[in-house]
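Reading the structure
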Amino acid sequence: MRERLTTREHRRNRDFEAFVAGAGGRLLHTATLLTAEAPDDNPRARRLLTLSLAHTYACWDRLRGEDPYDHAREALASRFAHGAWHRYGTLPFGRAHAGGAVGALARLSPRQRLVVVLRLWEGVAEEQVGALLGLPEDRVRAVCERATATLLHPPRDPAPAVRRAKAATS
């Protein structure tokens, strides 16, 4: 009995390691986009990915025919949304910047980032994103359109102040 159990665990570990070797890079990129960190300096994204993969490994035997990538991506998105919920009290629509955020996605709120990454980078359907976030499809579509408009047409920086030359006193 003990040999069969260790063989099953060995096969489970081998299968999970193969999954991580194949999908880990893309999942890390997705996590990096969500956290809006630099690709070479992304500790929050790595922690998010580690927690999501740990959850996927814990559920590995129960997946039975499900795509483990979908499960890991859902865990990643849920953990990101949960973290944003605790950090801001809600998953905000406003301009909440993550600490250390860089790049174009840093201008987006966490909810906008989550919707844009899932819809445009991962190609997840609006219905699935809505189910994951608890939003109707039309709201997901509106958030995605607003975020895309923000990315395509960033707000302009205010014009620099013009200094007037001081008149010389006589």
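Our structure is the block above this text.
Definitions and limits used
- Residues numbered from 1 in each chain as written.
- Predicted model: local features only at pLDDT ≥ 70, side-chain atom pairs only at ≥ 80, totals over all residues.
- Heavy atoms only, no water.
- Helix = DSSP H or I, 4+ residues; strand = E, 2+ residues; numbered from the N terminus.
- Buried < 20%, exposed > 50% of the residue type's maximum accessible area, 1.4 Å probe, protein only.
- Contact = heavy atoms within 4.5 Å.
- Areas by Shrake-Rupley, 256 points an atom, 1.4 Å probe, with all protein chains shown as cover.
- Core = buried A, V, L, I, M, F, W, Y, C linked by side-chain atoms within 4.5 Å.
- Polar contact = N/O pair within 3.5 Å; in protein donor to acceptor, adjacent residues only side chain to side chain.
- Salt bridge = Lys/Arg side-chain N within 4 Å of Asp/Glu carboxyl O.

Observations concerning the overall build of the protein
Secondary structure assignment for the protein yields six helices and zero strands. N-terminal to C-terminal, the α/β element order of the protein is α-α-α-α-α-α. For the protein, buried positions account for 38% of its 170 residues. Counting only contacts in the protein whose residues sit at least 6 apart along the sequence, the fraction spanning at least 24 positions is 60%. Per element, the accessible surface of the protein, about 11,000 Å² overall, is 53% carbon and sulfur.

Quick notes on the environment of Thr150
Structurally, Thr150 is set in helix α6 (residues 137–152). Taking relative accessible area as the criterion, Thr150 reaches 9% and is therefore assigned buried. For the pair Thr150 and Gln112, spaced 38 residues apart in the sequence, the C-alpha separation amounts to 9.9 Å.

Quick look at the nonpolar core
Of all hydrophobic cores here, the largest spans 36 residues; its most connected members are Phe19, Leu27, Leu114, Val115, Val129 and Leu133. Looking at this core, the elements that each hand over two or more residues are α1 (2–35), α2 (43–58), α3 (68–88), α4 (110–121), α5 (126–133) and α6. Looking at this core element by element, the count peaks at seven residues for α1.

Structural notes on unusual backbone geometry
Notably, Ala36 is not glycine yet its phi reads approximately 60 degrees, a positive angle. Among the secondary structure elements, Ala36 is positioned in the loop between α1 and α2. Look at Arg64: it is not a glycine, yet its phi comes out positive at around 35 degrees. If you trace the backbone, Arg64 turns up in the loop between α2 and α3. Classification of Arg64 as exposed rests on a relative accessible area of 73%.

Considerations on the side chain of Asn42
Relative to the helices and strands, Asn42 resides in the loop between α1 and α2. Taking the relative accessible area as the measure of exposure, Asn42 reaches 4% and is therefore buried. Of note is the side chain of Asn42, whose polar atom sits 3.5 Å from the backbone oxygen of Pro39. Leaving out residues up to four positions away in the same chain, Asn42 has contacts with Leu28, Thr32 and Glu37.

Observations concerning the pattern of salt bridges
For the structure on display, the rule yields six salt bridges. For the salt bridge of Arg26 with Glu122, the shortest nitrogen-to-oxygen distance reads 3.6 Å. Separated by 96 residues along the polypeptide, Arg26 in helix α1 and Glu122 in the loop between α4 and α5 bring together distant segments of the chain. Given the relative accessible area of 37%, Arg26 is considered partly exposed. Across the salt bridge formed by Arg73 and Asp70, the nearest N and O atoms sit 2.8 Å from each other. Placement of both Arg73 and Asp70 in helix α3 is noted, with a separation of three residues, approximately one turn of the helix. For Arg73, a relative accessible area of 13% corresponds to the buried category. Through salt bridges with shared partners, a single ionic network connects Arg26, Asp70, Arg73 and Glu122.

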